[in-house]
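Each chain, written out:
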Amino acid sequence: MKCLETPWMQGMIRMCGDGFRQGWHERNGGNLSYRIPQTELEAIRGQLSFDQPWQPITAKVPGLAGEFFAVTGSGKYMRNVELNPAANLAIIEISADGTQYRIVWGLTEGGRPTSELPTHLMNHEVKKRVTQGKHRVIYHAHPANLIALTFILPLDPAVFTRELWEMATECPVVFPEGLGVVKWMVPGGRAIAEATSVQMEQVNAVVWAHHGLFCSGTDFDETFGLMHTIEKSAEILIKVLSVTPHKQQTITTPDFIALAEDFHVTLNPQALHQND
Ligand code: 2HA
Ligand code: ZN
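So, a few notes on the structure that sits alongside this text. (Residues numbered from 1 in each chain as written. Chains lettered and ligands numbered in written order. Predicted model: local features only at pLDDT ≥ 70, side-chain atom pairs only at ≥ 80, totals over all residues. Heavy atoms only, no water.)

### Details of the side chain of S216
- Here S216 shows up in strand β9 (residues 212-217).
- Classification of S216 as buried rests on a relative accessible area of 2%.
- Reaching out from S216, the side chain makes a polar contact with the side chain of H135 at a distance of 2.7 Å. (Helix = DSSP H or I, 4+ residues; strand = E, 2+ residues; numbered from the N terminus. Buried < 20%, exposed > 50% of the residue type's maximum accessible area, 1.4 Å probe, protein only. Polar contact = N/O pair within 3.5 Å; in protein donor to acceptor, adjacent residues only side chain to side chain.)

So, in structure tokens, the structure goes:
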């Protein structure tokens, strides 16, 4: 099967277009990566070329040595991926020492992998370890309501988690472990990658103050769904705060405890007891 026709590549292409249509990817904003399963890689190996030079990652990811990733391109627009996936996406291979990558497919009109490659790969390394390889997708977007909240709420993971849980009953079930929050930092580098990946040990979504959100998941549906759920909840909170700073009523701590029992989830205790 042609690389572009594989279900996982089709899933990646669809997600880029879906994210654009949600309004999360102005200009070249946002990026997406997928850790390709070994069997899927073998099926397309004949379509890859191994003649491009190794390049530094500027992060060390020995846990990903020899892995292959599909990634969006730096400076490429999410809205263009559906029109020309091979020009806007790449497949990269990670070197045996985990410090370099090389492009083995795609970016047919030139370019490099996403400018956030260090954060993507460091998150993948953490998630591969803590989920025993189940998580394969890392997604970064610029959803407006969540970004707006980073100017209003304290940059405290327990506060963000609790406020977003209260806005939609499904939230504590979708992200019971809560959200991480990283204060404003220069994007693209190793420092923000480290700050993000440390929090990814515990959670599947990390907010970047005044910038956007990183999500992790097992597949494209789950990861897109997490981004979507968090941003929908942020939109409701922005609507509430636009009318009044005071909630007349809300979901309470005992309500959350009852929900957690019925849905068999363990809620982040800091967020659960945030308002006690
Ligand atoms: O431009 O979103 O964080 C891509 C980005 C950088
Ligand atoms: Zn960004």
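Moving on, there is more to tell.
### Let's talk about a nonpolar patch on the surface
- Residues F151, I152 and L241 make up a contiguous nonpolar surface patch of about 300 Å² in total accessible area.
- On the secondary structure map, I152 appears in the loop between α5 (144-149) and α6 (157-167). (Patch = residues over 30% accessible without salt bridge, like charges linked within 9 Å, V, L, I, M, F, W, Y side chains within 5 Å. Areas by Shrake-Rupley, 256 points an atom, 1.4 Å probe, with all protein chains shown as cover. Salt bridge = Lys/Arg side-chain N within 4 Å of Asp/Glu carboxyl O.)

### Let's talk about the pattern of salt bridges
- Taken as a whole, this structure holds 13 salt bridges when the rule is applied.
- Between E82 and R21 there is a salt bridge, with the nearest N and O atoms lying 3.0 Å from each other. Placement of the pair is E82 in the loop between β3 (68-72) and α3 (85-88) and R21 in helix α1 (residues 7-21), with a sequence separation of 61 residues.
- A relative accessible area of 52% places R21 in the exposed class.
- We note a salt bridge from E67 to R35, for which the minimum N-O separation is 3.4 Å. Of this pair, E67 sits in the loop between β2 (55-56) and β3 while R35 sits in strand β1 (residues 31-35); the two residues are 32 residues apart in sequence, bridging distant segments of the chain.
- Among the ionic contacts, a cluster of salt bridges with common partners joins R14, D18, R21 and E82.

### Regarding the environment of L89
- Here L89 lies in strand β4 (residues 89-94).
- According to the relative accessible area criterion, L89 is buried, its value standing at 0%.
- C-alpha of L89 to C-alpha of H210: the two residues are 121 residues apart in sequence and 26 Å apart in space.
- With near-sequence residues (within four places) excluded, L89 lies in contact with M9, M12, I13, V71, T72, V81, W105, G106 and L107. (Contact = heavy atoms within 4.5 Å.)

### Describing the coordination of the zinc ion (ligand 2)
- Coordination of the zinc ion (ligand 2) by the protein involves H140 (NE2), H142 (NE2) and H211 (NE2), with metal-donor separations of 2.0 to 2.1 Å.
- Binding-site remark: the zinc ion (ligand 2) is held by donors from one chain whose sequence spacing is H-x1-H-x68-H. Exposure class is identical for H140 and H142. Each is buried. (Donors = N, O, S within 2.8 Å, 3.2 Å for Na, K, Ca; no water.)

### Some details on the packing of aromatic side chains
- Per the stated rule, a full pass over the model turns up eight aromatic pairs.
- Seen in terms of ring centroids, W8 and Y34 are 5.6 Å apart; in terms of plane orientation they differ by 25°. Their pairing is stacked. Of this pair, W8 sits in helix α1 while Y34 sits in strand β1, placing them 26 residues apart in sequence. Each member of the pair W8 and Y34 is classed as buried.
- On the numbers, 4.7 Å between centres and 50° between planes, the contact of W208 with F214 is tilted.
- Every member of this aromatic cluster is reached through a ring pair, and the members are W8, Y34 and F220. (Phe/Tyr/Trp six-rings, centres within 6.5 Å; stacked < 30°, edge-to-face > 60°.)

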